[in-house]
Amino acid sequence: MSSPPSQVAAGSGAHVVRNVFLLALCQALAQSGNVLIISTTALAAQTLEGRDFYWTTLPVTLQHLGVMLSVFPAALMGQRRGRSFGFGLGSLGGITGGGLCSLAIWLGSFPLLCFGGFVMGYAVANMQLYRFAATELAPPQYRAKAISYVTSSGVVAGILGPLIARLTPDLLPHQFLATYMGLVVLHAAAFGVLRLIEFPAVKVEHASGPQRSLAEIATQPVYVVAVLAGMVSFGVMSFLMTATPLAIVACGIDAREPPITIFWHVMGMFVPAFFTGHLIGRFGVLNIMMLGIAMLVAAVAVDLAGIDVWNFRAGLLLVGVGWNFLFVGATALVTTAYRPSERGRAQALNDFLVFGTTATSSLLAGILQQAWGWNALNYLALPLIGIALLALTWLRLARRVPAGS
């Protein structure tokens, strides 16, 4: 097997730190835009179509669909043309998507808002690849930590995204127009920072070296479990997070509360990332992923305990922590299942399946919240969490069985 892709960028310690820091900054800017969309879009859709409209989460769902359809071209573009070129296109997609959403608000067009969300999917697909690019900027022994540090930049997103969401809706005559214009600014800034990162040059052996079939890669037990865990982490998180702003308003709580609750959620998602890599190194990836599952179960219990402000805040905070442990662990685990020459397809399949689940869960979240209510959504999350628990238990037992027995 060829050397892991992270070895191509070993360099000096200062050089590695600089590049990882800049990549984390790009993640912070792009993720702020994502938080902004989640905090705003369902409410913006209600403004356009009315409070009883069932399809308020459709723009977010179409964004996830855009991610799902974009992951293969985005990953292969980065492998063949280099991360700088591929990620630059992703930022341009974010600028375009933000512009379309702004125009949709200006014109009062819900279909155009949906299309803008779909275009944003290409930007988000590239942003999700930042965590894999982090492993290429650091030596192998720091792979989990690099993923964790880049992920931790979401702390900035957790502050900046909700702040923009709270301050901008009424700045211009068209409600939420300034909010979506802020989305354009965030992706333009990310584009500028990307120009400063020295990504490893594309090597021939990494672009066209020996490759197994995608079926062979995808049927490895470690790959199967890593992908399932990623699907559950994002699926449950999206399911509950997307519905939360609607549930808060439906329970008669002030409409200014959702950005605050989303802030607590994003803090839960990204603050633990400062030490998740260290925890994985000390206790093992499977143990940390199990801890993530426990956090998700605790979140459902808190949600079902009441409908006060602090139930929503604490529940979504726990969802964020559970997502972090399960998803960072799944990302670290999946990187052990492919060669450098296979990374484009292996990473793309992983994200295709993860965001296919996310798209489905975000669409169902809005519909089921309107039709069945908040408690039903939480009960439906439990079987998904159970799938991840069974998969991790199976892998743990499989690793204890001696080869050939």
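Residues numbered from 1 in each chain as written. Predicted model: local features only at pLDDT ≥ 70, side-chain atom pairs only at ≥ 80, totals over all residues. Heavy atoms only, no water.

K.L.:
An account of the overall build of the chain is needed here, citing residue identities and associated values.
P.N.:
Counting secondary structure elements, the chain contains 17 helices and zero strands. The C-alpha atoms of the chain give a radius of gyration of 20 Å, which matches the 22 Å a tight globule of 405 residues would have. If one aligns the C-alpha atoms of the chain with their principal axes, the spans along those axes are about 60 × 45 × 35 Å. For the chain, the residues scored as buried account for 58% of the 405 residues in total. Once local pairs closer than 6 in sequence are excluded, the contacts in the chain between residues at least 24 apart make up 87%. With an accessible surface of roughly 15200 Å², the chain has 69% of that area assigned to carbon and sulfur atoms. (Helix = DSSP H or I, 4+ residues; strand = E, 2+ residues; numbered from the N terminus. Rg over C-alpha atoms; globule rule 2.2 N^0.38 Å. Buried < 20%, exposed > 50% of the residue type's maximum accessible area, 1.4 Å probe, protein only. Contact = heavy atoms within 4.5 Å. Areas by Shrake-Rupley, 256 points an atom, 1.4 Å probe, with all protein chains shown as cover.)

K.L.:
Residues and numbers for unusual backbone geometry, please.
P.N.:
Even without being a glycine, Phe176 presents a positive backbone phi close to 80°. Looking at where Phe176 falls in the secondary structure, it is placed in the loop between helix H7 (154–167) and helix H8 (177–194).

K.L.:
Break down helix H11 (residues 221–250) for me, with residues and values.
P.N.:
Its 30 residues place the ends of H11 43 Å apart at the C-alpha level, agreeing with the 44 Å of an ideal helix rising 1.5 Å per residue. Maximum bend of H11: about 40°, positioned at Thr244, with proline Pro245 one to four residues after it. For H11, the buried fraction is high: 25 of the 30 residues fall into the buried class. Two residues or fewer past H11, Gly252 is found with a positive phi of approximately 85°. (Expected span 1.5 Å × (residues − 1). Bend = angle between axes of the 7 residues up to and from the residue.)

K.L.:
Could you give me a rundown of the layout of surface pockets, with the residues and numbers involved?
P.N.:
The calculated volume of the largest pocket comes to roughly 330 Å³. For the largest pocket, the lining is made up of 16 residues, of which Leu43, Pro169, Phe176, Ala255 and Arg256 are closest to its centre. Counting residues per element, the ones that place at least two in the lining of the largest pocket are helix H1 (13–49) and H7. Counting residues per element, the lining of the largest pocket draws most heavily on H1, at five residues. (1 Å grid on protein atoms, 1.4 Å probe; cavity = no way out; pocket = protein on both sides within 12 Å on 5 of 7 lines; lining within 4 Å. Points joined across faces, edges and corners; volume = space filled by probe spheres on them.)

K.L.:
Let's hear about the environment of Leu384: which residues, and what values?
P.N.:
Positionally, Leu384 belongs in helix H17 (residues 374–400). Given the relative accessible area of 30%, Leu384 is considered partly exposed. If we ignore the near neighbours within four places in the chain, the residues touching Leu384 are Val232 and Val236.

K.L.:
Can you explain empty space enclosed by the protein? Please cite residues and give values.
P.N.:
Sizing a probe to match a water molecule and rolling it over the atoms shows the empty space that remains. Scanning the entire structure with this criterion turns up six cavities of 30 Å³ or more. A volume near 150 Å³ is recorded for the largest cavity. Looking at the largest cavity, it is lined by 18 residues, and the ones nearest its centre are Gln31, Asn34, Ile38, Met237 and Met241. At the level of secondary structure, the elements contributing two or more residues to the lining of the largest cavity comprise H1, helix H2 (58–81), helix H4 (110–128), H11, helix H12 (257–270) and helix H16 (343–371). For the lining of the largest cavity, the per-class residue count stands at eleven nonpolar, seven polar and no charged. (Nonpolar A, V, L, I, M, F, W, Y, C, P; charged D, E, K, R; others polar.)

K.L.:
Talk me through the confidence of the model for the chain; I want residue IDs and the actual numbers.
P.N.:
Summary statistics for the chain give a mean pLDDT of 84 and a share of 92% for residues scoring 70 or more. At the level of individual helices and strands, the chain shows its lowest average pLDDT in helix H9 (residues 204–208), which scores 54, and its highest in helix H14 (residues 285–304), which scores 95. Considering only residues more than four positions removed or in separate chains, one finds that residues 1–10, a stretch of pLDDT under 50, has 29 contacts. With pLDDT under 50 throughout, residues 401–405 is counted as low confidence; its partners more than four residues away or in other chains account for zero contacts. (pLDDT = per-residue confidence, 0-100.)

K.L.:
Residue-level account of helix H13 (residues 273–283), with values.
P.N.:
Looking only at H13, the buried set comprises Ala273, Thr276, Gly277 and Ile280. The buried side chains of H13 occupy one side of the element, clustering within an arc of 95° when seen end-on. Across H13 from its buried face, at more than 90 degrees, point the exposed residues Gly281 and Arg282. Remark: Gly284 follows H13 within two positions and exhibits a positive phi of approximately 95°. (Arc of directions from axis to C-beta.)

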